Amino acid sequence: MNQRIAHIALVVKDYDEAIQFYTGRLGFRLLEDTKMGEDKRWVLVAPPGAAECSLLLAKAVNEQQAASIGNQTGGRVFLFLFTDDFWRDYNNMVAQQIHFVRPPKEEEYGTVAVFEDLYGNQWDLLQPNQKNKGAYL
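All chains use their own residue numbering, which begins from 1 and follows the written sequence. The predicted origin of the model limits local features to residues at a pLDDT of at least 70 and limits the giving and counting of side-chain atom pairs to 80 or more, whereas totals for whole chains, interfaces and linings rest on all residues. Where side-chain values are given, they derive from all heavy atoms of the structure, hydrogens and water being excluded.

## Things to note about the overall build of the chain
Part 1: Broken down by element type, the chain carries four helices and eight strands.
Part 2: The secondary structure listing takes helices from DSSP runs of H or I that are at least 4 residues long and strands from runs of E that are at least 2 residues long, numbered from the N terminus. Beginning at the N terminus, the succession of helices and strands in the chain can be written as β-α-β-β-β-α-β-α-β-β-β-α.
Part 3: Atoms counted for the radius of gyration: C-alpha only. Globule rule: 2.2 Å times the number of residues to the power 0.38. For the chain, whose C-alpha radius of gyration is 15 Å, the value lies close to the compact-globule estimate of 14 Å for 137 residues.
Part 4: Overall, the C-alpha framework of the chain stretches about 50 × 40 × 25 Å when taken along its three principal axes.
Part 5: Per-residue burial over the chain gives 36% buried out of 137 residues.
Part 6: Any two residues whose heavy atoms approach within 4.5 Å at even a single point are treated as in contact. For the chain, contacts bridging at least 24 residues in sequence account for 51% of all contacts bridging at least 6.
Part 7: Counting only carbon and sulfur atoms, one obtains 48% of the accessible surface of the chain, whose full area is about 8500 Å².
Part 8: Charge assignment: positive for Lys and Arg, negative for Asp and Glu; neither His nor the chain ends contribute. Every charge is mapped onto a representative atom, which is NZ of Lys, CZ of Arg, CG of Asp or CD of Glu. Across the chain, the centroid of the 14 positively charged side chains sits 2 Å from that of the 18 negatively charged ones. Buried residues are those whose accessible area, probed at 1.4 Å on protein chains only, stays under 20% of the maximum for their type, while exposed residues exceed 50% and partly exposed ones sit between those limits. Here the Shrake-Rupley method, with its probe set to 1.4 Å, supplies the accessible areas, and only the displayed protein chains count as covering residues.

## Focus: the pattern of salt bridges
Part 1: Salt bridge, as applied in this entry: a Lys or Arg side-chain nitrogen positioned within 4 Å of an Asp or Glu carboxyl oxygen. Counted under the stated rule, the structure contains six salt bridges.
Part 2: Across the salt bridge formed by Asp89 and Arg88, the nearest N and O atoms sit 2.8 Å from each other.
Part 3: We classify Arg88 as partly exposed; its relative accessible area is 39%.
Part 4: The closest approach of N and O atoms between Lys105 and Glu107, which form a salt bridge, is 3.5 Å.
Part 5: By relative accessible area, Lys105 is classed as partly exposed at 49%.
Part 6: Linked by salt bridges that have partners in common, Asp16, Asp33 and Arg41 make up one network.

## Regarding the sheet that holds strand 3 (residues 41-46)
Part 1: Being paired, for any two strands, means DSSP has found at least two bridges between them. With mixed pairing, the four strands of this open sheet are ordered in space as 1-4-3-2. Looking at strand neighbours, the two that pair on one side only are strand 1 (7-12) and strand 2 (29-35), the edges of this open sheet. The sheet shows a mean angle of 25 degrees between the axes of neighbouring strands, direction not considered.
Part 2: Pairing analysis gives six bridges linking strand 1 to strand 4 (residues 54-59), with the strands arranged parallel. Its bridge partner lying in strand 4, Ile8 is registered against Leu55. As a rule, the C-alpha atoms of each element are fitted with a line to give its axis, helices using only the stretch in contact, and angles between N-to-C directions run from 0 to 180 degrees.

## Structural notes on the sheet that holds strand 6 (residues 100-107)
Backbone hydrogen bonds hold the strands of a sheet together, and the pairing may be parallel or antiparallel.
Part 1: Taking strand neighbours across the sheet as the criterion, the four strands line up as 5-8-7-6 in an open arrangement whose pairing is mixed. Because the sheet does not close on itself, it has two edges, and the strands there are strand 5 (77-82) and strand 6. Averaged over all neighbouring strand pairs, the angle between strand axes comes to 20 degrees, with direction disregarded.
Part 2: Here seven bridges tie strand 7 (residues 110-116) to strand 8 (residues 122-128), and the two strands are oriented antiparallel to one another.

## Focus: the packing of aromatic side chains
Part 1: In summary, the pairing rule links any two rings of Phe, Tyr or Trp, Trp by its six-membered ring, whose centres are within 6.5 Å, and it sorts them by plane angle into stacked for under 30 degrees, edge-to-face for over 60 and tilted for everything else. Going through the model one piece at a time under the given rule, you end up with ten aromatic pairs.
Part 2: Here the aromatic rings of Tyr22 and Trp123 are separated by 6.1 Å at their centres, their planes lie at 40 degrees, and the arrangement is tilted. Of the two residues, Tyr22 sits in helix 1 (residues 15-25) while Trp123 sits in strand 8, which places them 101 residues apart along the sequence.
Part 3: Exposure remark for Trp123: the relative accessible area of 3% places this residue in the buried category.
Part 4: Both rings, one in Phe28 and one in Trp123, keep their centres 6.1 Å apart while their planes meet at 70 degrees; by these two values the pair is edge-to-face.

Following this line, the structure appears as structure tokens:
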């Protein structure tokens, strides 16, 4: 059996502002932006080098969905952005005025810092150390 997670839905306020943040400030690639009706689009973004999984930017269409924007996991880190060069990406993100809520730290598993996306969802920026590289990548 061969299975994989293809997309993770991320509830957003507006397609275009989310696309701008992920592609303009984080350097993700816009994989697809297809209109699927008057107010619905199929929007996929992914970090450079991603082969398996992408984010599906899903515009909130009701109050319940809008209430979860920026807090899809109850305040815990939601997504994990792995990198092959922590300091390159951290410095680029700081230059793009990405808000870090926890500064860089060396952990047993690698170098990590926590940042927020444009809505407040928390992400780990993580470079696994050599010892743990195979377990995480």
